[in-house]
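For reference, the chains in residue letters:
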Amino acid sequence: MSKQTLVIVESPAKAKTIEKYLGANYRVMSSIGHVRDLPKSNTDAVDIEAGFVPRYIVSPGKEKVISGLQSAAKKADEVLLASDPDREGEAIAWHVAELIKDANPNLKRVVFNEITEQAVKDAILNPRDLDLNLKEAQEARRVLDRLVGYDLSGLIWKKVRYGLSAGRVQSPALRIVMEREREIRAFIPEKYYTLVANMSVEKMLIPFSCTEEPKELSEAERIKKVGESHEWHIADLKETEVKRSPKPPFTTSTLQQTASTRLGFSPSRTMGAAQKLYEAGHITYMRTDSTTISEVAQKQIIALLHADFGKDYVAPRQYKTKSKSAQEAHEAIRPTNFAKHSVGSTADQKALYELIWKRTVASQMSDATVKRTKLVSNILNGKETIPDFTVTGSRVIFDGWLKVDTRARGEDTEVPKLAVGDILDLKEINIEAKQTEPPNRYTEAGLIKELEKRGIGRPSTYASIMKTITDRGYVIKEGRTLIPTDTGDVVSTFLEQHFTDYISDTFTSEMEDELDEIAEGKRTYVKTLKDFYTPFHKSVEAKADIEKITNLGAGPKQFPCPECGADMIIKLGKSGTFLSCSRFPDCNGARVIDGSELKPDAPIGLHPETKEPIFVLNGKFGPYVQLGATPEKIKGKKAITPKRASLPAGVKPEDVTLEKALVYLTLPRELGTHPTTGEPIIANTGKFGPYLAHAGDFRSLKGADNPYTVTYERALEIYKEPKQMRKGEKLIKELGIHPTTRKMVNLFESKSGRYLKKGFKRISIPDDISTDDMTIEVAVELLKQG
């Protein structure tokens, strides 16, 4: 009987791709991500006294997955752990091994940088032992981040405001954003003047710009007066040829930066699309700080370039990785098959793949040659001197790598062919007053570049850093720009005042280097954590007696307390900063930060039956009406939320009457039960407008239909209409009602295959389960695993 091998990966999509390459003697299963993690309670998470031993628990909902892996391991002759080729992947492999080693001790690790048939088969033939150094480096990061986060967050809760948080890497990132914001606040603009001389040359109007920008209007006017009273000529002409070299293939950070600037993708969106492309076998591993590409890949590109563009466009080159750590995968992000110009099952994946393909192919192409021409003009025979006026043109005379990466080319700007001494026909000189600009705020791409430059974070952490500081409400995004909030300002200021060393660039970068040294076996886990945590914990404890930050400084003198006339102070509330009376709690006077008075909400009337007050309030998702006062929060007790209803689109809070509020408060309305499922049909309104809901099936209400008057009969008519699917998506089977969630479970199909939906996630259906075999019971099991 032939040997049976179990291959365990961390992703169902990855398992599906690998299964195609291996024979009948291999079974590929997925752990569906991490199988163990630290408990949420910090008390139980890490045994510091025993040497920072993490007390792992099985991740919630993973019991059946683990049981399935253990059962399969028992039946196999050997088990190959094939999770991703980085520290995170090594840690997942180790956790799986710990849980199944009793079922089968014959465990080995295999790694591949790309999910192609050749790479997978080569890896299977070259198994190795688990790399405990890599696992310990990941574990050290996880434990460090947990200990730092809990210690700092606990202090901030007590000294600033409940519910805030801080972290080992997110806090330095926030500090960098705040340092730039303070530069902007402190910036004092200065006036200056630009001058443009419009010259008529060969029936074209050419704008020549003054090489100096005077700060005084009188000087600008002098230059204009002298210039307009003299004849002009070409005083100098400079022509140069410059080479533009292609950029190296993508690393994680450069991919995130370029996808942000060119595609408008957030780092998490980029990594989500890249993950899918990798799992489908289209690109190499996407967490890397290396710019090198394999010899095989380079030969593929060179052959393609010779065939498509000719030898003049070929310039093979290898790029040296700048990162001193380069500790993730050992190759840049590149396509696995350069013959495929477009792949991916979604628009995001296709756009990202095209970006990766062009960048990698361009990296092996010849330099572009650009001719730059600079025309310098001035007055003829002037008694007074004025600065030169210049115009610069450029044109590509050999496109080289720009032939593939056309977005990097830019526009050619031609200038007329003139010689030194040629006379110019001046039409006018225009003066424009301008002000110096403060430095720009960071974009996500800019902040990632800055973090990488300062050695803060690693390829696997950039996306989560961006997400964390946004999700915590420390920054908001306006377009691509990151703007710190009042809360972010207060938290960063607190940390900078009390933990300067621990959130400094030097300290954070050195800690990353120490984690790299653990991965390389040059440093031990326990010593690294002890050396850091012992003084850090003492520093946190030393701050236990500092005063709580109840105010952020004096308020503007022009806004006294509206109740008693006393001075105001700036405080931090849940919605940001506000002005509070300096005599609080003796006086409750308050103002919005702009000085307008904050008054307690007054009811618009009483409910005719319950006699409860009805309020019109503003919340996170817009204005709403509320029945009853908001209960006071009591620590340890869960407050009952009053009944609330959103205002219909277009209705202003000031236009809401008691009669209208009573209508709004009828939502959500239960219209009756569905004759087939027995589940209720609900009419309601939400963030995206009015809708019907039945067993997780939402239908928008449009036209004359509205949630306040729609009837049960009309709702049934709407549910008889086919549900509108996404483009390329087809509903192929209604499986029934989920026993726990009481929502309808449906089987869908698109180009990428069959799947169930769980929120916004797709749960792929394994090929060995036919559509006929898909029952509600099978679906429930798959949804649990997914």
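Small disclaimer: the values here were computed from a predicted structure and weren't measured.

### Examining the sheet that holds strand E19 (residues 590–592)
No. 1: A sheet is described by the order of its strands in space; here three strands give the open sequence E17-E18-E19, paired in antiparallel fashion. Two strands close off the open sheet at either side, each with one partner strand: strand E17 (568–573) and E19. This sheet shows a mean twist of 35° between the axes of neighbouring strands, independent of strand direction.
No. 2: The pairing of E17 with strand E18 (residues 576–581) spans six bridges and is classified as antiparallel. Looking at the pairing, Ile569 lines up with Ser580 of E18.

### Observations regarding the side chain of Thr390
No. 1: Structurally, Thr390 is set in strand E13 (residues 389–398).
No. 2: Apart from residues lying up to four places away in sequence, Thr390 is in contact with Pro207, Phe208, Ser209, Thr211, Lys374, Leu375 and Val376.

### Side note on empty space enclosed by the protein
Left-over empty space is what a probe sized like a water molecule reveals as it rolls over the atoms.
No. 1: With the rule as written, the count across this model stands at three cavities of 30 Å³ or more.
No. 2: Put simply, the largest cavity is a space of about 50 Å³.
No. 3: Surrounding the largest cavity, Val148, Leu152, Gly167, Arg168, Tyr502, Ile503, Phe507, Phe532 and Phe536 form its lining.
No. 4: Within the residue set of the lining of the largest cavity, elements represented by two or more residues are helix H6 (132–159) and helix H17 (525–542).
No. 5: The class makeup of the residues in the lining of the largest cavity is seven nonpolar, one polar and one charged.

### Topic: the pattern of salt bridges
No. 1: According to the stated counting rule, one finds 52 salt bridges in the structure shown.
No. 2: With its nearest N and O atoms 2.6 Å apart, the salt bridge here joins Lys467 to Asp471. Of this pair, Lys467 and Asp471 both sit in helix H14 (residues 462–471), four residues apart, roughly one helical turn.
No. 3: Given a relative accessible area of 53%, Asp471 falls into the exposed group.
No. 4: A salt bridge links Arg714 to Asp705; the shortest N-O distance between them is 2.9 Å.
No. 5: The partly exposed category is assigned to Arg714, whose relative accessible area is 26%.
No. 6: Counted as one network, the salt bridges with shared partners bring together Arg175, Glu179, Glu450, Lys453, Arg454 and Asp505.

### Observations regarding the side chain of His282
No. 1: Here His282 is to be found in the loop between helix H10 (267–279) and helix H11 (295–308).
No. 2: Note on His282: relative accessible area 18%, which makes it buried.
No. 3: In this structure His282 touches Leu277, Arg334, Pro335, Thr336, Val343, Gly344 and Tyr353, once residues within four positions along its chain are discounted.

### What to know about the environment of Glu597
No. 1: The topology assignment puts Glu597 in the loop between E19 and strand E20 (605–606).
No. 2: The spatial distance from the C-alpha of Glu597 to the C-alpha of Cys561 is 8.8 Å, given a sequence separation of 36 residues.
No. 3: Glu597 has contacts with Pro562, Glu563, Ala590 and Arg591, leaving out every residue within four places of it along the chain.

### Details of helix H12 (residues 347–362)
Along an α-helix, a turn takes 3.6 residues, which lines up residues three or four apart on a common side.
No. 1: Spanning 16 residues, H12 covers 22 Å between terminal C-alpha atoms, matching the ideal 22 Å at 1.5 Å per step.
No. 2: Inspection of H12 places Gln349, Leu352, Tyr353, Leu355, Ile356, Trp357, Arg359, Thr360, Val361 and Ala362 among the buried residues, and these make up the whole buried set.

What counts, and at which threshold
- Residues numbered from 1 in each chain as written.
- Predicted model: local features only at pLDDT ≥ 70, side-chain atom pairs only at ≥ 80, totals over all residues.
- Heavy atoms only, no water.
- Pairing = 2+ DSSP bridges.
- Helix = DSSP H or I, 4+ residues; strand = E, 2+ residues; numbered from the N terminus.
- Axes fitted to C-alpha atoms, helices over the stretch in contact; angles between N-to-C directions.
- Contact = heavy atoms within 4.5 Å.
- 1 Å grid on protein atoms, 1.4 Å probe; cavity = no way out; pocket = protein on both sides within 12 Å on 5 of 7 lines; lining within 4 Å.
- Points joined across faces, edges and corners; volume = space filled by probe spheres on them.
- Nonpolar A, V, L, I, M, F, W, Y, C, P; charged D, E, K, R; others polar.
- Salt bridge = Lys/Arg side-chain N within 4 Å of Asp/Glu carboxyl O.
- Buried < 20%, exposed > 50% of the residue type's maximum accessible area, 1.4 Å probe, protein only.
- Expected span 1.5 Å × (residues − 1).

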